[in-house]
Each structure stands twice: as structure tokens, then as C-alpha cells.
Amino acid sequence: MAKTKPSDVVGWYDLSWSGGSFPICFRPAGVFFCPKFQQPSRWELEDDVIKIDWKRFGKYELKFNAETKSMEGNALPKS
């Protein structure tokens, strides 16, 4: 299986959680955007794990599946 590249991740997705779902966008150059919960946020790819620093909304790690263009993960505990 080919290594996941940042360009594989770029695009719009729906983020689901216990309170519902909303659109998020992984933009080129590590820019993370969410129209509903805006913060100057960043993302990076480490192997097949997307790491999001969503500032006041927390940090997240999501395992990316390149075949299905889907991901699964959770918020990281605050340190």
C-alpha cells in the first residue's frame, strides 16, 4: 500500500461526534478550516495519522484510510 500523502487528505469531510456532525476542510499547506467553529488551525500528516491543532477546540488525531477517503479518531486529553 502506498504511503499517504498530504494531497490525498486535502478536501472537505463531515466530522461526526456525539452532538451531531459538521463540515471540516483540510486545505493545502497544513491549513485546517471549519466554518462552524473557526480558529486559526493547522493540520499535519504523520504516516497515516492526521494531527489537528484546533486551538481552543483542542488537539485531535485521526487515522486516515486512503482507500475510502475516511478517518477515525478522537480528541487528545488536555495536558
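What counts, and at which threshold
Residues numbered from 1 in each chain as written. Predicted model: local features only at pLDDT ≥ 70, side-chain atom pairs only at ≥ 80, totals over all residues. Heavy atoms only, no water. Helix = DSSP H or I, 4+ residues; strand = E, 2+ residues; numbered from the N terminus. Rg over C-alpha atoms; globule rule 2.2 N^0.38 Å. Buried < 20%, exposed > 50% of the residue type's maximum accessible area, 1.4 Å probe, protein only. Contact = heavy atoms within 4.5 Å. Pairing = 2+ DSSP bridges. Core = buried A, V, L, I, M, F, W, Y, C linked by side-chain atoms within 4.5 Å.

### Describing the overall build of the protein chain
Line of reasoning, step 1. Per the secondary structure count, the protein chain includes 1 helix and 7 strands.
Line of reasoning, step 2. In sequence order, the secondary structure elements of the protein chain are arranged as α-β-β-β-β-β-β-β.
Line of reasoning, step 3. Taken over C-alpha atoms, the radius of gyration comes to 12 Å for the protein chain, in line with the 12 Å a tight globule of 79 residues would show.
Line of reasoning, step 4. By its C-alpha atoms, the protein chain is 35 × 25 × 25 Å across when sized along the principal axes.
Line of reasoning, step 5. Relative to its 79 residues, the protein chain shows a buried fraction of 25%.
Line of reasoning, step 6. A separation threshold of at least 6 residues defines the contact pool for the protein chain, and within that pool the share at least 24 residues apart is 21%.

### Let's talk about the side chain of Thr 4
Line of reasoning, step 1. Secondary-structure assignment places Thr 4 in the segment before helix H1 (6-9).
Line of reasoning, step 2. Setting aside chain neighbours within four positions, we find Thr 4 in contact with Val 9, Leu 45, Asp 47, Asp 48, Phe 64 and Ala 66.

### A look at the pairing of strand S5 (residues 49-53)
Line of reasoning, step 1. In S5, alternate side chains face the same way, and those of Ile 50 and Ile 52 are buried while those of Val 49, Lys 51 and Asp 53 on the opposite face are not.
Line of reasoning, step 2. Pairing between strand S4 (residues 41-46) and S5: 5 bridges, direction antiparallel. Directly across from Trp 43, in S5, lies its bridge partner Ile 52.
Line of reasoning, step 3. Adjacent in sequence and paired antiparallel, S4 and S5 are bridged by 2 residues, among which Asp 47 carries a positive phi angle near 60°.
Line of reasoning, step 4. As defined by bridge partners, S5 adjoins strand S6 (residues 59-65) across 5 bridges and the pair is classed as antiparallel. Counted as the bridge partner of Val 49 is Lys 63 from S6.
Line of reasoning, step 5. Between S5 and the antiparallel strand that follows it, S6, lie 5 residues; Lys 55 among them carries a positive phi value of about 45°.

### Description of the nonpolar core
Line of reasoning, step 1. Core analysis: the biggest nonpolar cluster contains 15 residues, and Ile 24, Phe 26, Phe 32, Trp 43, Ile 50, Ile 52 and Trp 54 have the highest contact counts within it.
Line of reasoning, step 2. Only strand S1 (11-17), strand S2 (20-27), S5 and S6 provide two or more residues apiece to this core.
Line of reasoning, step 3. For Trp 54, the contacting residues outside a window of four places in its chain are Leu 15, Phe 22, Ile 24, Phe 32, Cys 34, Phe 37, Gln 39, Ser 41 and Tyr 60.

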